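Examining the three-dimensional arrangement
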Amino acid sequence: MAGGAARLVRGPEERATFLDLFFDLVFVFAIFRFSQELLDHLNWSGAFQTLVLLLALWWVWNETSGVGDRFDPRRPAIQVLFIGCMFGSLVLVAAVPEAFGEHGLVFAGAYVAVQVGRSLFLVFVTRGDERQRPEMRMLFWFGVSAVPWLAGALMQGWPRGVLWALAVAVDCTVARLGWPMPRQGRASAAEFSVSGEFLAERHRQGFIIALGELILVTGLGLSSNAFEADHSAAVVVAFATTVLLWRIYIYRAGEVFGGAVAAVPETLRVTVSAQYAHLVMVAGIVAISVGDELVIEHPLGHTPPAWIAVILGGPALFLAGRAILEYEVFGRVSRDRVAGVLVLAAVSPAAILLPPVLVAAAAALVLAGIAVSDAARARRRPPEPPTPPR
């Protein structure tokens, strides 16, 4: 092993470090920015644009977080890399409100600079070592996706959306395919081996960051409405929803996810599936955040269809992502998750006749039913060990 790379290899410590948490600070701001962007453009076009931008940022977070697993974050070179990625991510998030407007090149340029720059740096520091192979794969594919990212930034209107959707699809798909390279094929399991406990801890931290956005929205709503009865009732529903999301996430798959990763020989598949599962859950939380803000500000009166979409669709997205995670941990999906999504869909047509606070309360009741079902199952059975599909 080359001397420079050896000094950068992570030691036996598998827990996330303060450097990982420091990097996460940007994403506290990011989740807030995305929820506000969706709130300002609550239509199909705004939802599409927010999803594309969220996918881009989520992929930056995932790939940068992975550096903390593969390399020793105590080394100055890795710390400099994290700080550089942190600043690039900050620029990227700051450009979100006008990413599909006049700041398109700033957003795309920051994304490409972080992804390509990080990979190029790691290719350099791992030269002469087998650890360079996965870094070369990522550098190649981020270079490929840089073309539609930058080309889209030079376009206006729908061509930008199409090119950016293509770029983010490339970034998300190649990981699932094993980062294939010309003449080399797909990556082996050994190339992208990960620490299960580290992966699980980082995703739990990312999920908690997203929940922090709900607490922020709830607290601001409570303080800005003079504790009036109808607004306070909406705050109670929003807070209860946040608690239920946490409870459903952590039981039981969220607790033993690290063990599921360690139990399978091909960790890359589980890693990518976990990334997708948490992305879907975070997208649901962004929608719930928008719904909470609307309900707290306007608890009574008419509930427009777009509001119903975020108030009920957010929890449904969360449950869908949680079902994916459960499948990767236990090889099956609990019926109450599926039933919850179906109930949320079933009550949507009638929700237009209810005030916003009651629509939100209906969503909270569905989540409460799932949480109660989890608790009852836990009392009847011993803790289930992870049994991921092979």
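Presented here is an overview of the structure given in this document. (Residues numbered from 1 in each chain as written. Predicted model: local features only at pLDDT ≥ 70, side-chain atom pairs only at ≥ 80, totals over all residues. Heavy atoms only, no water.)

Overview of the overall build of the protein
- A tally of regular secondary structure across the protein gives 13 helices and zero strands.
- When the helices and strands of the protein are read in sequence order from the N terminus, they spell out α-α-α-α-α-α-α-α-α-α-α-α-α.
- Computed over its C-alpha atoms, the radius of gyration of the protein comes to 21 Å, within 12% of the 21 Å expected for a compact globule of 390 residues.
- For the protein, the C-alpha atoms occupy an extent of roughly 65 × 55 × 35 Å along the three principal directions.
- For the protein, long-range pairs separated by at least 24 residues make up 81% of all intrachain contacts whose partners lie at least 6 apart in sequence.
- Here the protein contributes 30 positively and 31 negatively charged side chains, and the mean placements of these two sets differ by 9 Å. (Helix = DSSP H or I, 4+ residues; strand = E, 2+ residues; numbered from the N terminus. Rg over C-alpha atoms; globule rule 2.2 N^0.38 Å. Contact = heavy atoms within 4.5 Å. Lys, Arg positive; Asp, Glu negative; His and termini not counted. Charge placed at Lys NZ, Arg CZ, Asp CG, Glu CD.)

A short note on the nonpolar core
- If you look at the biggest cluster of nonpolar residues, it comprises 117 residues, and the most contacted ones within it are Phe107, Tyr111, Trp149, Trp164, Trp179 and Phe257.
- In terms of residue count, the dominant contributor to this core is helix α10 (residues 267-297) (17 residues).
- Setting aside its immediate chain neighbours within four residues, Phe257 contacts Leu199, Ala200, Val270, Ala274, Leu325 and Val329. (Core = buried A, V, L, I, M, F, W, Y, C linked by side-chain atoms within 4.5 Å. Buried < 20%, exposed > 50% of the residue type's maximum accessible area, 1.4 Å probe, protein only.)

Digging into the packing of aromatic side chains
- All chains considered together, the criterion is met by 12 aromatic pairs.
- Between the aromatic rings of Phe140 and Trp141, the centroid separation amounts to 5.3 Å while the plane-to-plane angle is 85°, which identifies the pairing as edge-to-face.
- The exposure class assigned to Trp141 is buried, which follows from its relative accessible area of 18%.
- The cationic tip of Arg127 hangs over the ring face of Phe124; the distance from NZ or CZ to the ring centre is 4.3 Å.
- The ring centre of Trp164 lies 5.5 Å from the NZ or CZ of Arg160, which sits over that ring. (Phe/Tyr/Trp six-rings, centres within 6.5 Å; stacked < 30°, edge-to-face > 60°. Lys NZ or Arg CZ within 6 Å of the ring centre and 35° of its normal.)

A few points about the environment of Asp374
- Structurally, the position occupied by Asp374 is in helix α13 (residues 356-380).
- Classification of Asp374 as buried rests on a relative accessible area of 0%.
- For the pair Asp374 and Ser334, spaced 40 residues apart in sequence, the C-alpha to C-alpha distance is 9.4 Å.
- Residues in contact with Asp374, not counting those within four places in the same chain, are Ile248, Tyr251, Asp336 and Arg337.

A closer look at a nonpolar patch on the surface
- Together, Ile208, Ile215, Phe239, Val243 and Trp246 make up an exposed nonpolar region whose accessible area comes to about 460 Å².
- Elements with a minimum of two residues in the nonpolar patch: α8 (196-224) and α9 (229-262).
- Ranked by residues supplied to the nonpolar patch, first place goes to α9 with three residues.
- If you trace the backbone, Trp246 turns up in helix α9. (Patch = residues over 30% accessible without salt bridge, like charges linked within 9 Å, V, L, I, M, F, W, Y side chains within 5 Å. Areas by Shrake-Rupley, 256 points an atom, 1.4 Å probe, with all protein chains shown as cover. Salt bridge = Lys/Arg side-chain N within 4 Å of Asp/Glu carboxyl O.)

Quick word on empty space enclosed by the protein
- Per the counting criterion, the structure on display carries three cavities of 30 Å³ or more.
- Approximately 280 Å³ is the volume found for the largest cavity.
- Considering each element in turn, the lining of the largest cavity owes the most residues, seven residues, to helix α3 (residues 44-70).
- Class assignment for the residues of the lining of the largest cavity results in 10 nonpolar, eight polar and four charged. (1 Å grid on protein atoms, 1.4 Å probe; cavity = no way out; pocket = protein on both sides within 12 Å on 5 of 7 lines; lining within 4 Å. Points joined across faces, edges and corners; volume = space filled by probe spheres on them. Nonpolar A, V, L, I, M, F, W, Y, C, P; charged D, E, K, R; others polar.)

Description of the pattern of salt bridges
- Summed over all chains, the structure comprises 13 salt bridges.
- Taking the shortest distance from any N to any O, the salt bridge between Arg337 and Glu326 comes out at 3.5 Å. Here Glu326 lies in helix α11 (residues 305-330) and Arg337 lies in helix α12 (residues 335-351), a separation of 11 residues in the sequence. A single burial state applies to Arg337 and to Glu326, both of which are buried.

Here's the deal with the environment of Val261
- Structurally, Val261 can be placed in helix α9.
- Between the C-alpha atoms of Val261 and Thr387, which are 126 residues apart in sequence, the distance is 9.9 Å.

As for the packing of helix α2 (residues 18-40) against α8
- The contact between α2 and α8 brings their axes to 9 Å, and the two run at 40°. Comparing the axis directions of α2 and α8 gives the class oblique. Pair α2 / α8 crosses with right-handed handedness. Across the interface between the two elements, Asp20, Leu21, Phe23, Asp24, Phe27, Val28, Ile31, Phe32 and Ser35 from α2 touch Phe198, Arg202, Gln205, Ile209, Ala210, Glu213 and Leu216 from α8.
- Of the residues contributing to the contact of α2 with α8, the split by class is 10 nonpolar, two polar and four charged. (Axes fitted to C-alpha atoms, helices over the stretch in contact; angles between N-to-C directions. Parallel < 35°, antiparallel > 145°, perpendicular 65-115°, else oblique. Left-handed = near helix turned anticlockwise from the far one by under 90°.)

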